[in-house]
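# Coordinate inspection notes
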Amino acid sequence: MGLPVGRVAELAGVTVRTLHHYDEIGLLIPSGRSAAGYRRYSDADVDRLQRILVYRELGFPLETIAAIVDEPSGDPVGHLEHQRELLHERIERLRCMVASVEHVLEAKKMGEALTPEEKLEVFGGFREPEGYAEQAAARWGGTPEWQWAQENAEPRTKEDWAEAERVRRDWVERLLALLDAGAAPDSEAAMDLAEEHRRMLGAFMGECGYEMHRNVTALYVTEPVQLGFLVREPDQRPGLAEFVRDAVVANSARAE
């Protein structure tokens, strides 16, 4: 006689209403009926339901699922192999999504070491752009430097952040003084300042090699938001980002 609709729903983890709907649209019509007219599902019906549910979990619309499972040339083994391939692809996508979420959580935890009031006190009116932590995690979460920072970073106190901000301001003052004096990016003073900046980054990254340093400062020219973390907007002026980038390139050449 086959299985009743309630039992099939229980085994498949779906509602009876779902099975009724599949019957109504012709996606899964039970092979039999009881004497009282109730739906009865054969083993073949249950196998078809299993295929339907896998494709549904993969995000296929019901119309597409119907076309796939009703394909005349399709065979059960072929369907299973196809579903296995799709499931492996979905697992890999989910793994990437989990890794991305973990990176975002790490970035959030690092960024929330200070209360909003403490951030205002330490950084003044500066605020990182909305969603920047998530974007940074997605962009650099797979790099060795990011991984090192997450695994080795120790909680920073308000005093730690205040000291880091003092160091940044002092560095920017000396940078602006060089610019005002007309120094060249490849001058000894500019290269020394670039080397100091590399070590400042290394304090957060664990290690900032010369190639990484060049990559970071190249972004100062193409992405103003990156420059804003180092030099606040009121202190920025034309040519400043290019000066920093060129000084870093010159310092890298000097060292290497």
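Worth saying up front: this structure is predicted, and the values here are computed from it rather than measured.

Quick look at the overall build of the chain now. Scanning the chain for helices and strands turns up 13 helices and three strands. In the chain, once contacts between residues fewer than 6 apart in sequence are set aside, the share between residues at least 24 apart is 64%. In the structure as shown, the chain presents an accessible area of about 15400 Å², 55% of it carried by carbon and sulfur atoms.

With that settled, consider the pattern of salt bridges. Under the definition given, this model contains 17 salt bridges. A salt bridge links R198 to E195, with the shortest nitrogen-to-oxygen separation between them at 2.7 Å. Here the residue R198 and the residue E195 both occupy positions in helix 10 (residues 188-205), the gap between them amounting to three residues, near one helical turn. Note on R198: relative accessible area 16%, which makes it buried. Between R199 and E195 there is a salt bridge, with its nearest N and O atoms 3.2 Å apart. In this pair, R199 and E195 are both assigned in helix 10, four residues apart and thus about one turn of the helix distant. It is possible to trace a salt-bridge network through shared partners that takes in E165, R168, R169 and R232.

Time to look at the sheet that holds strand 3 (residues 39-41). Strands sit in the order 1-3-2 across an open sheet of three strands; the sheet is antiparallel. Single-partner strands in this sheet number two, and they are strand 1 (3-4) and strand 2 (32-33).

Our focus in this paragraph is the packing of helix 11 (residues 210-222) against helix 13 (residues 240-255). As a packed pair, helix 11 and helix 13 sit with axes 8 Å apart at the nearest point and diverge in direction by 165 degrees. By the criterion of interaxial angle, the relationship of helix 11 to helix 13 is roughly antiparallel. As for the relative orientation of helix 11 and helix 13, their crossing is left-handed in sense. Judged by residue contacts, Y210, H213, R214, T217, A218, Y220 and V221 of helix 11 engage A241, E242, V244, R245, V248, V249, N251, S252 and A255 from helix 13.

So, on to the environment of P224. Considering the arrangement of structural elements, one finds P224 in helix 12 (residues 224-230). For P224, a relative accessible area of 56% gives the class exposed. For the pair P224 and Q236, spaced 12 residues apart in the sequence, the C-alpha separation amounts to 10.0 Å.

Looking now at the packing of aromatic side chains. Counted under the stated rule, the structure contains one aromatic pair. Aromatic side chains Y55 and F60 sit 5.6 Å apart centroid to centroid with 85 degrees between the ring planes, which places their arrangement in the edge-to-face category. A relative accessible area of 0% means that Y55 is categorised as buried. Exposure remark for F60: the relative accessible area of 27% places this residue in the partly exposed category.

Where helix 2 (residues 16-24) contacts helix 3 (residues 43-57), the two axes come as close as 13 Å, and the packing angle between them is 100 degrees. As the angle between them shows, helix 2 and helix 3 are arranged roughly perpendicular. Taken together, the residues of helix 3 that come into contact with helix 2 (itself represented by T18, L19 and Y22) are L49, I52, L53 and R56. Tallied by class, the residues present in the contact of helix 2 with helix 3 amount to five nonpolar, one polar and one charged.

Rules behind the numbers
Note that residues are indexed from 1 along each chain, following the sequence as it is written. In view of the model being predicted, local features appear only for residues whose pLDDT reaches at least 70, and side-chain atom pairs are presented and counted only at 80 or more, with totals across whole chains, interfaces and linings using the full set of residues. Side-chain metrics rest on all non-hydrogen atoms present in the structure, leaving aside hydrogens and water. Numbering of helices and strands runs from the N terminus, with a helix taken as a DSSP run of H or I at least four residues long and a strand as a DSSP run of E at least two residues long. Residue contacts are counted whenever heavy atoms from the two residues lie within 4.5 Å of one another. Exposure was quantified through the Shrake-Rupley algorithm and a 1.4 Å probe, taking into account, for residues, occlusion by the shown protein chains and nothing else. Should a side-chain nitrogen of Lys or Arg be within 4 Å of a carboxyl oxygen of Asp or Glu, the pair is scored as a salt bridge. When a residue's accessible area, from a 1.4 Å probe over protein chains only, is under 20% of the maximum for its type it is buried; when over 50% it is exposed; and in between it is partly exposed. Only strands joined by at least two bridges in the DSSP assignment are considered to pair. Between N-to-C directions, angles cover 0 to 180 degrees, with each direction set by a line fitted to C-alpha atoms, over the stretch in contact for helices. The scheme is simple: roughly parallel for angles under 35 degrees, roughly antiparallel for over 145, roughly perpendicular for 65 to 115, oblique for anything else. Whether a crossing is left-handed or right-handed is set by the direction in which the near helix is turned from the far one by less than a right angle, anticlockwise for left-handed and clockwise for right-handed. Think of it this way: a Phe, Tyr or Trp ring, Trp meaning its six-membered ring, pairs with another when their centres are within 6.5 Å, and the plane angle makes it stacked under 30 degrees, edge-to-face over 60, tilted otherwise. As a working rule, the residues Ala, Val, Leu, Ile, Met, Phe, Trp, Tyr, Cys and Pro are called nonpolar, Asp, Glu, Lys and Arg charged, and the rest polar, with Gly in that last group.

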